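Chain residues, written in single-letter form:
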Amino acid sequence: MDAVEIAGAWTPEEGSRRARELFEDRHPGAPDGVWAAPGRVNLIGEHTDYNGGLCLPIALPHRTYVALRRREDDEVHLASAFEGEVLGWDGALSDLHPGGVAGWAAYAAGIAWALAEAGTPVTGFDAALSSCVPTAAGLSSSAAVECAVGLALDEVNDLGMGGSDEGRADLVRIAVRTENEVVGARTGDLDQSAALRTSAGNALLLDCLDGSARQVPFDLDAAGLELLVIDTRATHSHATGAYGQRRATCEAAAKILGIRTLREITDLDAALAVLKDEGLKDEVEGQKSQDAQEMVRRVRHVVTEIQRVRDFVALVDAGRLLEVGPLMNASHDSLRDDYQVSCPELDVAVDAARAAGAIGARMTGGGFGGCAIALIEADRRDAVARAAVEAFAEHGFGIPRIYVAVPSAAGGRVG
Ligand code: GLA
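This text gives an overview of the structure that appears in the document. (Residues numbered from 1 in each chain as written. Predicted model: local features only at pLDDT ≥ 70, side-chain atom pairs only at ≥ 80, totals over all residues. Heavy atoms only, no water.)

Before going further, it helps to spend a moment on the pattern of salt bridges. What the rule picks out here adds up to 28 salt bridges. Two residues, Arg18 and Glu14, come together in a salt bridge whose shortest N-O distance is 2.9 Å. Taken together, the residues Arg18 and Glu14, both in helix 1 (residues 12–26) and four residues apart, mark about one turn of the helix. Exposure remark for Arg18: the relative accessible area of 34% places this residue in the partly exposed category. Taking the relative accessible area as the measure of exposure, Glu14 reaches 25% and is therefore partly exposed. The partner of Glu75 in a salt bridge is Arg71, and the shortest N-O contact between them spans 3.3 Å. Its relative accessible area of 31% is what places Glu75 among the partly exposed residues. Taken together, the salt bridges that share partners define one network made up of Arg69, Arg71, Asp73, Glu75 and Asp126. (Salt bridge = Lys/Arg side-chain N within 4 Å of Asp/Glu carboxyl O. Helix = DSSP H or I, 4+ residues; strand = E, 2+ residues; numbered from the N terminus. Buried < 20%, exposed > 50% of the residue type's maximum accessible area, 1.4 Å probe, protein only.)

Once that is clear, we can look at the nonpolar core. Across soluble globular proteins, nonpolar side chains show a tendency to be buried alongside one another. Ranked by size, the top nonpolar core spans 82 residues in total, and within it Val41, Leu56, Leu139, Phe218, Leu227, Val299 and Phe312 carry the most contacts. Looking at this core element by element, the count peaks at 11 residues for helix 8 (residues 287–317). Excluding residues that lie within four positions of it along the chain, Val299 makes contacts with Ala253, Leu262, Ile265, Leu268, Leu272 and Leu275. (Core = buried A, V, L, I, M, F, W, Y, C linked by side-chain atoms within 4.5 Å. Contact = heavy atoms within 4.5 Å.)

Another aspect to go through is the site of the ligand. The local shell around the ligand consists of Arg40, Glu46, His47, Asp49, Tyr50, Thr187, Gly188, Leu190, Asp191, Tyr243, Gly365 and Gly366. Side-chain polar atom of Glu46 to an oxygen atom of the ligand: 2.7 Å apart, as the coordinates give it. His47 is positioned with one of its backbone polar atoms (N or O) 2.7 Å from an oxygen atom of the ligand. Protein contact buries 93% of the 310 Å² of open area that the ligand shows by itself. A molecule is said to occupy a pocket when more than half its atoms come within 2 Å of that pocket's grid points, and by this definition the ligand occupies the largest pocket. Its residues assigned to classes, the shell around the ligand shows three nonpolar, five polar and four charged. (Near = heavy atom within 4 Å. Polar contact = N/O pair within 3.5 Å; in protein donor to acceptor, adjacent residues only side chain to side chain. Areas by Shrake-Rupley, 256 points an atom, 1.4 Å probe, with all protein chains shown as cover. 1 Å grid on protein atoms, 1.4 Å probe; cavity = no way out; pocket = protein on both sides within 12 Å on 5 of 7 lines; lining within 4 Å. Sits in = over half its atoms within 2 Å of the grid points. Nonpolar A, V, L, I, M, F, W, Y, C, P; charged D, E, K, R; others polar.)

Below, the discussion takes up helix 10 (residues 344–355). Counted at 1.5 Å a residue, the expected span for helix 10 with its 12 residues is 16 Å, and the 16 Å between its end C-alpha atoms agrees. Three or more residues of helix 10 are buried, namely Glu345, Leu346, Asp347, Val348, Ala349, Val350, Ala352 and Ala353. Contacts from the buried residues of helix 10 go to strand 9 (225–235), helix 9 (325–337), strand 10 (360–364), strand 11 (369–377) and helix 11 (381–394). Taken from the residues just after helix 10, Gly357 is the one with a positive phi, measuring 100 degrees. (Expected span 1.5 Å × (residues − 1).)

This next bit is on the side chain of Asn202. Inspection of the secondary structure assignment puts Asn202 in strand 7 (residues 202–207). On the basis of relative accessibility, which here comes to 16%, the residue Asn202 falls in the buried class. Those residues in contact with Asn202, other than ones at most four positions away along the chain, are Ile58, Gln215, Val216, Pro217, Phe218 and Pro407.

Here we take up the sheet that holds strand 7. Strand order across the open sheet formed by three strands is 2-7-8, with antiparallel pairing between neighbours. Each edge of the sheet is formed by a strand with only one pairing partner; in this case those strands are strand 2 (54–55) and strand 8 (213–217). Alignment of strand 7 against strand 8, held across five bridges, turns out to be antiparallel. Its bridge partner being in strand 8, Leu205 is matched across the sheet by Arg214. Strand contacts of helix 5 (residues 190–197): strand 2, strand 7 and strand 8, with the helix running at about 135 degrees to strand 7, the strand carrying the most contacts. (Pairing = 2+ DSSP bridges. Axes fitted to C-alpha atoms, helices over the stretch in contact; angles between N-to-C directions.)

Listed below in structure tokens is the structure:
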């Protein structure tokens, strides 16, 4: 077998050119500028964001580019080219509310509604989007779209959010509201924070309880390491419903424990004992105790995962990057066994990477398909990639796509 092909990212110049060309093809005249926002991988801290927990994403070099021009009326005209397919959407600002717009336009333009709801109304606009963030791969292509358009609208309407981390944290909340209310997915802050608050060379330690963030130098090169992304290209249709159920279970557990978020748990054993006791009350044919056992597993994942983020960052801060593997492995095992959001393709990718000598490997993102990440010694790239491709063939899965993740910059103006 030849060396496994690595799917690269566009340079900012190429992304800019593509968005501009699409703009000029679909709208008369030139755009006011081009903005971009990245996809992400999360190093560790999965399903913790909506529990007020910690997570540690890096931005990818893969970005969504938007060429955009402000209009003086309230019309909105969009064109997009995702994975080669060109689509258009024409409407007005008044259409951009929950239930008023569906599909890709909800991500691309819904943020105009959320900006207005936040007290920062915007004018109509013409836009063209082009992206090299793989879609439906769990790499936050949707947040990249929301945030690229958000940054563009912020600038052409002089709202002043893009220029500071504080302003960007506001824009994160607005983009999350777009996702929660216009798109209708009850996700947390992880993806939009990665798109807007990361910086090149660093991972972002995000505290989802108070919104604070710290840049954590993440120098893979200096340690002779690489981060491989194995895109299983699997998407499971129950993913959205299962995500909502996981969140609802965590919220129900917090309610039983009398706390606002699972982050507030300080004594895990005591909390789990309370949840078990609750399960024994009013038991009807074992049902309640089964629900309680499930709740115990979910809560155990969240609390141990938050601690793994702390431990991971402590190792990175101490220059002991080579020692983070067991934490990545434990994170995956907990997501697979306790949180139950992995799937056969992700497990095969992770097992193959580990067997081929990865320092650590885990699923990243929401789960039920999407991507695994493997931290590897740089000279083992081909061996690990090949092992994943071969394992997929043995299991009768499709060919996985392989990327190399380098901690890249947050979104901003590129042209
Ligand atoms: C998805 C969501 C995020 C986060 C992750 C799991 O990517 O969009 O908010 O909950 O799943 O960590």
